[in-house]
Each structure stands twice: as structure tokens, then as C-alpha cells.
Amino acid sequence: MQTKVENNKAWFLVMPVFLIVAFSAIIPLMTVVNYSVQDIFDPQTRYFVGTEWFKQVILDSRLHEALLRQFIYSLTILTIEVPLGICVALMMPTKGRGASIALILVAIPLLIPWNVVGTIWQIFGRADIGLFGAFMSYIGVDYNYASNPTDAWLTVVLMDVWHWTPLVALLCYSGLRAIPEVYYQAARIDRASRWAVFRYIQLPKLTNVLIIGVLLRFMDSFMIYTEPFVLTGGGPGSSTTFLSQALVQQAIGQFDLGPAAAFSLVYFLIILLVCWVFYTTIMNMQKDK
Amino acid sequence: MAWMSWTLPTALFFIGIGVILVGMTTWQILSPCVERRGFLPLATTRGDRLFIGLLSSAFIHLAFVALTDVNIAVATVLCAFWMLILMRWG
């Protein structure tokens, strides 16, 4: 009879990952914590200020506004991208050459670097040389993302939807392909409607990929920087200045390293809290099933 | 290490976190925990309660800093009690 041998050698296999995470995340995070309690000009010139920067950052109205914008932005793009991604996945061909072509076409936006996406939409939205801007002018809409906050928001949201809906679509597509054919056969025997098939077979089977999709999209959108920075530069005014851009303005633009470190930690805690709430809620919903 | 600009309070903070993690790991090896339901509205393991406790303590500290002029040590003592209650009955 074979007995199960227990040893802890597998832990050594985890060591490289631990070291990489330590150097790329834990040590920088520790440094940020150290910076957040000091008025710091360089490692030698620094003064301990305790919790002063945290008080300043938490009571800063610019942070409140950027946080509100960030939540509105993330919720807006999740509300659009998740249903749209599911629809795209449901419409994609499942067999033959069409399936390969559809996969490639859908994946193209994901392959484009973020700053290039910003540049593409910057040109695309211009009324003089851009297709979208020219179209809006043609149908009589006074559209200018550089001067009108609503137009800037519309463009930033559209850009994100264009860039990231494919991710949700591809995740859902893989989830749909993993559903065994017998479920559909049973549904046909029961003469289930298309909606019933979606509601009682496809959607429950997509739960896991949707959890990943929602979490990924939430975290990514909550940390968005490059695309709006390239497209609008946070303007007009500060109407599209999201948290990370406000943070960069403080850390690099003004070189206020102490307040910026405190800002980063508050930002980190908010992301941690929201992700934990999302994750726990979704996992408990699954357990209840 | 000088480039990390260490201070005594932050060093003590990270030593504290390190000690808690080592302690929890040892506790888990000596007596593995089972998921249970306490006053929190969800079933939790010991590690879950530690995470919830640390995260909520961070927000309690932030609230103290933002809303009051009370010494931050008061928040730390309150959070220590909160952690004990959470770990035992959470």
C-alpha cells in the first residue's frame, strides 16, 4: 500500500515568486509607507511629520472629486462593458474559419499599447481630421472633447469600451465554449426559449469568468492613467482627472513625495476594500447557490 | 536600506505585521482552523478575520486622523481591542 509522503520542498518552488513580489511590490510599498510620514526631499534630507500628510490628503477636496469621478467612471464602464462583452461573445461564431477570424478581430484592440489607444482616439475624436469628430459635426452635434467636459467624458468612456470590451468578450467566449453540448440538447428537448437557455444555462456557467472579468476591469479602470492622460490630459479643467492622474500630478508635477505617498496609501486601501467587497460578495453568492 | 528612508514608527509597524504573520502561520500549523460564522455576516477563517481586522483598523486610523485631533495612539489601542473581539467572536 502506498502511503502519502508529506514534505515541504514545494515551498522552495514558491520562493522565486515570493522574491519577485518582494522586490516589485512589498519593498516599494514599505518605502511608500516610510515616505508617507515624512517631509522628504531626498533620503538624507527628511523630517518626521507623523500623520500630517494623511490628514491633509483625506481632507483635500481634489481627492474627493477625483475619487467620485473614479467611482462614476468605473461603474459606468462596468455597466457597459460586461453586458456588451456577453452579447459579443454570444454572437461570435463557434466553428470554422469564421470563429478564428472573429477571435482575431475581437482581440486586436487588446494588442494595442495604452498610449497608442489614447493617441488613436485623440485623432479619431477631432472634428477636422478624425472620423468620429467629423461624423458628430456632420449630424449637427457640437462635439469637442478638448473644451466640453461631457464630450471629454463620452470620449474617454467610449475609448475604454472599445479597448476593453474584447477582454470581457473573450473571457465569456471561453466560458461559453466550455459548456457541454448535453445542456443544449436537454434545453432543446424541453423546448426552452433562447432567453431560457441564456438565463438558466449560459449565464450560470459564465459566473466564474464574469467574476474574473468584473474584478479585472474594476481594478484596471480604477487605476486608469495612460489613456485619459494622452487623450484629454485630465481636462477640460479637471473633469477627467482620475485618481492616478491626480496622484502623478502631486508626486511628479509638484514633487510632494510625502503627501503623494499618503495619497497612494489611501488609494491602495480604497482599492483593497472595494476588491475585497466585490470578491466576498460574488463568492458568497456562489456558495448560496 | 537608507534609500528606503526608515523611521522608528514605520519600522515598528512592519515588525508588528511580520510578527502577526509568523504567529498566525505557526498557529495554523499547530492547530488548523475551520471556517465558522460569528457576528460577521459571512463565514470566515482565522486569516479572513485577520485581514478584515487589519483593513478595518487602517480605516479606523484614517477616520481618527481626518475627523479628530485625538492622539493616534488612542486609535491604535481601540483597534487592538477591535482585533481581539473580531478574532474571537467575528
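Predicted model only: the values in this text are computed from it and were never measured. Each chain carries its own residue numbering, running from 1 in the written order of its sequence. Here chains are named by letter from A upward and ligands by number from 1 upward, in the order in which they appear as written. The predicted origin of the model limits local features to residues at a pLDDT of at least 70 and limits the giving and counting of side-chain atom pairs to 80 or more, whereas totals for whole chains, interfaces and linings rest on all residues.

A. The UniProt feature "transmembrane region" (unreviewed entry) in chain A, seen in detail. Residue and element names in this part refer to chain A. Here, the residues flagged by UniProt with the feature "transmembrane region" (unreviewed entry) are residues 12-37, 71-92, 98-117, 152-176, 197-219 and 260-279. Secondary structure across residues 12-37 comprises 96% helix and 0% strand; the distance between its end C-alpha atoms is 36 Å. Secondary structure elements follow DSSP: runs of H or I of four or more residues count as helices, runs of E of two or more count as strands, with numbering from the N terminus. Secondary structure content for residues 98-117 is 90% helix and 0% strand, while the C-alpha to C-alpha distance between its ends is 26 Å. UniProt positions are given in the numbering used here, feature names are shortened, and annotations may be inferred rather than shown by experiment.

B. Spotlight on the domain arrangement of chain A. Residues and elements named next belong to chain A. Here the limits of each domain have been adopted from an automatic or database domain assignment. We note that the domain assignment places domain 1 (27-59 + 256-281) and domain 2 (61-242) within chain A. One C-alpha centre belongs to domain 1, the other to domain 2; they are set 31 Å apart. A per-element tally of the side of domain 1 that touches domain 2 places helix α12 (residues 257-288) first, with five residues. For this scheme, ten residues count as nonpolar: Ala, Val, Leu, Ile, Met, Phe, Trp, Tyr, Cys and Pro. Four count as charged, namely Asp, Glu, Lys and Arg, and the remainder, Gly too, count as polar. Looking at the side of domain 1 that touches domain 2 residue by residue, the class counts come to six nonpolar, no polar and no charged.

C. Up close: unusual backbone geometry. Residues and elements named next belong to chain A. The peptide bond linking G235 to P236 adopts the cis configuration, its omega dihedral lying at 0°. On the secondary structure map, P236 appears in the loop between α10 (226-231) and α11 (243-253). At F255, a residue that is not glycine, the phi angle is positive and equals roughly 55°. Within the fold, F255 resides in the loop between α11 and α12.

D. Looking closely at the packing of helix α3 (residues 61-91) of chain A against helix α9 (residues 194-222) of chain A. Residue and element names in this part refer to chain A. One can describe the packing of α3 onto α9 by two numbers: an axis separation of 9 Å at closest approach and a directional angle of 145°. Where α3 crosses over α9, the handedness of that crossing is right-handed. Contacts from Q70, Y73, S74, I77, L78, E81, V82 and G85 in α3 reach L210, G213, V214, R217, F218, S221 and F222 in α9. Looking at side-chain class alone, the contact of α3 with α9 contains eight nonpolar, five polar and two charged residues. Helix axes are fitted only over the stretch in contact, all axes being lines through C-alpha atoms; the angle between N-to-C directions runs from 0 to 180 degrees. Should the near helix be turned counterclockwise from the far one by less than a right angle, the crossing is left-handed, whereas a clockwise turn marks it as right-handed. Any residue pair is listed as a contact if its two C-beta atoms, each placed from the backbone, are within 7 Å.

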